[in-house]
Amino acid sequence: IIELTEAGLALVDRVVQAVFRFVQLVREEGIRDWIFKEISTLQAIAFRHKDAEEPAPYCSGLAADMHNYPPQHLLSHYYDMDMYRPDIIRRLLNCLTPRNLRLWIVADMGPLDNAQTEPWYGTKFCETALAEEQIACWEQCGWTDELKLPGPNEFIPADLSVKECPAPHPLPVLLRSSATSKLWFKQDDVFRLPKANIKIALMTPLAYADPAMCNLARLFVDLLKESLAEFSYDADLAGLTYGCVNTIYGLEVTLSGYTDKLPVLLSRIVTTIVDLPVEDNRFAVLKEQYARSLASFQTNEAHKLAMFASTLVLTQRVFTHAERLEALDGVTAAFMRAHIPRLLRSVFAEILVHGNMTSQDALAVDDALHSALHGRGLGRALYPDGRTMLVREHTLPAGSYFSYTMPSSVHTV
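Residues numbered from 1 in each chain as written. Predicted model: local features only at pLDDT ≥ 70, side-chain atom pairs only at ≥ 80, totals over all residues. Heavy atoms only, no water.

## A word on the overall build of the chain
How we decide: Comment: elements are numbered from the N terminus, with helices defined as DSSP H or I runs of at least four residues and strands as E runs of at least two. When a residue's accessible area, from a 1.4 Å probe over protein chains only, is under 20% of the maximum for its type it is buried; when over 50% it is exposed; and in between it is partly exposed. In this description, contact between two residues means that some pair of their heavy atoms is separated by no more than 4.5 Å.
Across its full length, the chain holds 13 helices and eight strands. When its C-alpha atoms are laid out on the principal axes, the chain stretches across 65 × 55 × 50 Å. Taken over 413 residues, the chain has a buried fraction of 33%. Counted over contacts in the chain with a minimum sequence separation of 6, partners at least 24 positions apart contribute 80%.

## Notes on unusual backbone geometry
A positive phi angle is found at N114, which is not glycine, with a value near 55°. Mapped onto the fold, N114 is located in the loop between helix 5 (86-93) and strand 1 (116-117). Although it is not a glycine, R192 adopts a positive phi angle of roughly 55°. Among the structural elements, R192 can be located in the loop between strand 4 (181-187) and strand 5 (195-203). When its relative accessible area of 32% is taken as the criterion, R192 is described as partly exposed.

## Thoughts on the packing of aromatic side chains
Put simply, the test is: Pairs were defined over the aromatic rings of Phe, Tyr and Trp, the Trp ring being its six-membered one, requiring ring centres within 6.5 Å. Orientation was assigned from the angle between planes: stacked under 30 degrees, edge-to-face over 60, tilted for the rest. In this scheme, Lys NZ or Arg CZ marks a charge over a ring once it lies within 6 Å of the ring centre and within 35 degrees of the ring normal.
Enumeration according to the criterion identifies seven aromatic pairs in this entry. Taken together, a centroid distance of 5.1 Å and an interplanar angle of 40° make the contact between F36 and Y84 tilted. On the criterion of sequence distance, the pair formed by F36 in helix 3 (residues 33-48) and Y84 in the loop between helix 4 (55-65) and helix 5 is long-range, its members being 48 residues apart. Overall, F36 belongs to the buried group, its relative accessible area being 15%. Residue Y84 is classed as partly exposed on the basis of its relative accessible area, which comes to 28%. Here the aromatic residues F47, Y78 and Y79 are joined through ring pairs into a cluster of three or more. The side chain of R268 reaches across the aromatic face of F231, ending 4.2 Å from its centre.

## Looking at a nonpolar patch on the surface
Heads up, the rule is: Residues qualify for a patch when their relative accessible area is over 30% and they have no salt bridge, like charges being joined within 9 Å and the nonpolar side chains of Val, Leu, Ile, Met, Phe, Trp and Tyr within 5 Å. All accessibility values rest on the Shrake-Rupley procedure with a 1.4 Å probe; residue burial counts only the protein chains present in the view. For salt bridges, the criterion is a side-chain nitrogen of Lys or Arg within 4 Å of an Asp or Glu carboxyl oxygen.
There is a patch of nonpolar side chains on the surface, built from L103, I105, M109 and L130 and spanning about 320 Å² of accessible area. On the accessibility criterion, L130 (32% relative accessible area) is partly exposed.

## Regarding the environment of L251
Summarising the element assignment, L251 is placed in strand 7 (residues 250-258). Judged by its relative accessible area of 3%, L251 falls in the buried class. If sequence neighbours within four positions are ignored, L251 has contacts with I200, A201, L202, A217, F220, V221, V245, N246 and L343.

## Observations regarding the pattern of salt bridges
In the structure shown here, the tally under the stated rule is 16 salt bridges. Notably, a salt bridge pairs K37 with D33, separated by 3.1 Å at the nearest N-O pair. Here K37 and its partner D33 are both found in helix 3, four residues apart, which amounts to about one turn of the helix. In this structure, E53 and K50 form a salt bridge, with 2.1 Å as the shortest nitrogen-oxygen distance. Looking at E53, the relative accessible area reads 43%, which means it is partly exposed. Among the ionic contacts, a cluster of salt bridges with common partners joins R99, E132 and E139.

## Section: the sheet that holds strand 7
What counts, and what does not: One requirement defines pairing of two strands: DSSP has to find at least two bridges between them. In this analysis, axes come from line fits to C-alpha atoms, helices being fitted only over the stretch in contact, and the angle between any two N-to-C directions falls in the range 0 to 180 degrees.
Pairing is mixed in the open sheet, where six strands are placed in the order 3-4-8-5-7-6. Edge positions in the sheet fall to strand 3 (173-177) and strand 6 (241-247), since each of these pairs with one other strand and no more. Strand-to-strand twist of the sheet, defined as the mean angle between neighbouring strand axes without regard to direction, takes the value 15°. Where strand 5 lies against strand 8 (residues 348-355), eight bridges are found, and the strand directions are antiparallel. Along strand 8, the bridge assignment pairs A201 with E350.

## Brief notes about the side chain of Q43
The criterion, for reference: Polar contact criterion, stated in full: a pair of N or O atoms within 3.5 Å, where within protein one must be able to donate a hydrogen and the other to accept it, and residues adjacent in sequence count only if both atoms are side-chain atoms.
Among the secondary structure elements, Q43 is positioned in helix 3. A polar side-chain atom of Q43 sits 3.1 Å from the main-chain carbonyl oxygen of Y78. Those residues within four positions of Q43 in sequence are excluded, and the remaining contacts are Y78, Y79 and M81.

## Side note on the pairing of strand 8
Regular strands place side chains that alternate from one sheet face to the opposite one. Summarising the sheet, strand 4 and strand 8 pair through seven bridges and their orientation is parallel. Counterpart to L183 in the pairing with strand 8 is I351.

## Re the pairing of strand 3
As defined by bridge partners, strand 3 adjoins strand 4 across four bridges and the pair is classed as antiparallel. Along strand 4, the bridge assignment pairs R176 with L183. Between strand 3 and strand 4, which pair antiparallel in sequence order, lie three residues.

## A few points about the nonpolar core
Here is the rule: In this text, buried Ala, Val, Leu, Ile, Met, Phe, Trp, Tyr and Cys residues form a nonpolar core when linked through side-chain atoms within 4.5 Å.
In this structure, I198, M336 and V353 are the most contacted members of the largest nonpolar core, which totals 57 residues. Counting residues in each nonpolar core, the second largest holds ten residues, with C214, F308, L312 and F319 among its members.

## Remarks on the state of the cysteines
In plain terms, the rule: Cysteine sulfur atoms that pair up within 2.5 Å are treated as a disulfide.
Taken as a whole and assessed by the stated rule, the structure comprises zero disulfides. C141 supplies the cysteine sulfur nearest to C137, a cysteine that is in no disulfide, at a spacing of 7.3 Å.

Given below as structure tokens:
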């Protein structure tokens, strides 16, 4: 699945050409023994240190797999990679050709020639054969030096030991507290896996002061994710994940995965946060995508609209999608570049470290964030000790009944 901007929709042929160029690159240079061994190592680590799953879906999945796999491979078949067969890989790659292509384009493209209507939702669609000239062009596209295969994965963990837990605590303990941050810590004494979780809340009233500030916080998150996309790809393959969202209280960053390489990912994330590049063209693309998501909110399923309507009437301060869309026009790349230092200068950081880490490891996490923020004169906290303005919610009396209708062009909510 490839997501396109409006400009990209006019260049579908070139996008498909880029895909086949990369397939050709993999044919020529991508079938390597070391790549197979790297993937095999990652799969073995994932199986050996697998998280617990919900019993019901896990058992039903195993029951279905019993029809396809022998008992000795039932638990591990998804992870087993003990046979390097470049001939099979090449045979599969040889099937990925323009003449075997079925291309779907899902977009609002206006009236369609020879349109058909599918019977369930009444959606208009059309089917056309690919032009022979276009197929021939894709077959002869070759590959260019602009495309590169990834190198060895630096995030593969080497130390998978479980650290001793000398004094278990039932709840997180406060390791460090200051006017600009708090650090909470809980060492895992239950699951005993070589994994850890880090959650960082960067709280600031500027993140939700008005609809424009809310938009800036959201676009900051989008820019951060795009800047880290290439770097975090290898981390994700190696069992390290991160997430970042904007909330009514600020920004939340979460990291989880194998303890050995988690500090590497954390260092890159906090460095990118304080040095976030804001390029005019990429900002325009992300702003366009965000605007489309705001404009199309009313087309969501009715139950999602109902949940938002409940939040809207019960929460003290919530900006609607229409309010945010109206305020988006004045948000520019230059405005964002000027806003980021103000945003980060005002944050109060609250950190939770949990899992296969010691208290010294947790303090190192706090030190890394403190160094990144305070080294640039950031993180001064508009509200010391994290005393931000709490958003209150109304509690309806028991047995009460109220009706609220939210305007929607698609549903009645």
